[in-house]
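Chain by chain, the residues:
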Amino acid sequence: GLLRQSQMEMVSDGPRKLAVAKEIVRGKFLNQRTLLMRYRRDPSTSSGRDLASVDEAIKSLDECSGKLDKAEDAGSLFGLEGYGSARYFRAFKELLKQDLGFTARVRRPPTDPINSMLSFGYTLLTYNMQSAVSVVGLDPFLGYLHVIEYSRPSLVLDLIEEFRPIIVDSLVLRIVNTNILSESDFQKPETQGGMVLLSQEAIKKFVHHYEERVQTVIQHPTTSHQVNYRRCFELQARQLARVILGQESKYKPFLVK
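Residues numbered from 1 in each chain as written. Predicted model: local features only at pLDDT ≥ 70, side-chain atom pairs only at ≥ 80, totals over all residues. Heavy atoms only, no water.

A. Here's a closer look at the overall build of the protein. Across its full length, the protein holds 10 helices and four strands. In sequence order, the protein lays out its α and β elements as α-α-α-α-α-α-α-α-β-β-α-β-β-α. Over its C-alpha atoms the protein spans a radius of gyration of 18 Å, differing by no more than 12% from the 18 Å that the globule rule assigns to 257 residues. Projected onto the principal axes, the alpha-carbon positions of the protein cover approximately 50 × 40 × 35 Å. Counting every position in the protein, which comprises 257 residues, the buried fraction comes to 52%. Within the protein, contacts between residues separated by at least 24 positions form 66% of all contacts whose residues are at least 6 apart in sequence. Surface exposure of the protein reaches about 12300 Å², of which carbon and sulfur atoms provide 52%. Across the protein, the 35 positively charged side chains and the 30 negatively charged ones have centroids separated by 3 Å. (Helix = DSSP H or I, 4+ residues; strand = E, 2+ residues; numbered from the N terminus. Rg over C-alpha atoms; globule rule 2.2 N^0.38 Å. Buried < 20%, exposed > 50% of the residue type's maximum accessible area, 1.4 Å probe, protein only. Contact = heavy atoms within 4.5 Å. Areas by Shrake-Rupley, 256 points an atom, 1.4 Å probe, with all protein chains shown as cover. Lys, Arg positive; Asp, Glu negative; His and termini not counted. Charge placed at Lys NZ, Arg CZ, Asp CG, Glu CD.)

Pasting the structure below:
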């Protein structure tokens, strides 16, 4: 109860709310940058690709990260987030070894297999993060970056931002580039009202590899403990809870190298 009371108070505290939102977006940008850099250095992926767009995206993410501290409100912050993410996904397509029709991030409805996998992966990630938020005792509907709307788990959507590139985007790249799934694993858009959906068998494969990903054990960047990614979701929620309660001064996003 005390945690949720403090969480509600911070939602109404403009400067504190904006400070947390900025760090969430910073974490997303830095992890997107790391993913691009990894594939930029990998000869098996970069060979024959338009590396100029990848380099431009990395530069744009650096520039957007540098402007975060100057953002004075949620509107300008969302503007930076939208611009940086658009440049990121423009480069993302250059990392794909299969041409599955991906040109940009399209959410509703997903119009190609890549967007279909991204949307499905983000949904799985949202469910996992909502469980972590519930364990910690935070209210999933009171967020700091995403607007509070009826039935929207805004805090959950906040906390998945920095994990999107690490968990889902990297997984989609591996699934596509190692031919785990191909175009034949997706239902045609004309049969689904313009949506491209995974077949039932493809869903099973994707979920299997997603579970492998979140169970991967890593060295936590802050505690140096050996934990899996699912445990990292809870640790991030707990770190935010300490910031909300005033036990820590600044939210620290989860970053990979």
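Having seen the model, we can carry on.
B. Representation of the packing of aromatic side chains within the structure. This model, assessed by the stated rule, comprises nine aromatic pairs. Aromatic pair Tyr88 and Phe89: ring centres 4.9 Å apart, planes at 65°, arrangement edge-to-face. For the pair Tyr88 and Phe89, a shared accessibility class is recorded, and that class is buried. Between Phe163 and Phe254 the ring centres are 5.0 Å apart and the planes differ by 25°, which places this aromatic pair in the stacked class. You can see Phe163 sitting in the loop between helix H7 (154-160) and helix H8 (164-177) and its partner Phe254 sitting in the segment after helix H10 (229-244), a full 91 residues away along the chain. Both residues of the pair, Phe163 and Phe254, count as buried. Among the aromatic residues, those joined into a cluster by ring pairs are Tyr88, Phe89, Phe92 and Phe102. In this structure, Arg164 packs its charged tip against the face of Tyr122, placed 4.4 Å from the ring centre. (Phe/Tyr/Trp six-rings, centres within 6.5 Å; stacked < 30°, edge-to-face > 60°. Lys NZ or Arg CZ within 6 Å of the ring centre and 35° of its normal.)

C. Spotlight on the packing of helix H2 (residues 14-41) against helix H5 (residues 74-92). Running from N to C, H2 and H5 cross one another at 10°; their axes reach a closest spacing of 11 Å. It follows from the interaxial angle that H2 and H5 lie roughly parallel. Of H5, the residues touching H2 (which contributes Leu18, Ala21, Lys22, Val25, Lys28, Phe29, Gln32, Leu35 and Leu36) are Ala74, Leu77, Leu80, Glu81, Gly84, Ser85, Tyr88 and Ala91. By residue class, the composition of the contact of H2 with H5 is 11 nonpolar, three polar and three charged. (Axes fitted to C-alpha atoms, helices over the stretch in contact; angles between N-to-C directions. Parallel < 35°, antiparallel > 145°, perpendicular 65-115°, else oblique. Nonpolar A, V, L, I, M, F, W, Y, C, P; charged D, E, K, R; others polar.)

D. Molecular detail of the nonpolar core. Core analysis: the biggest nonpolar cluster contains 78 residues, and Leu36, Ile114, Met117 and Ile167 have the highest contact counts within it. At 10 residues, the largest contribution of residues to this core is made by helix H6 (residues 113-136). Those residues within four positions of Ile167 in sequence are excluded, and the remaining contacts are Leu125, Tyr210, Arg213, Val214, Tyr229 and Phe233. (Core = buried A, V, L, I, M, F, W, Y, C linked by side-chain atoms within 4.5 Å.)

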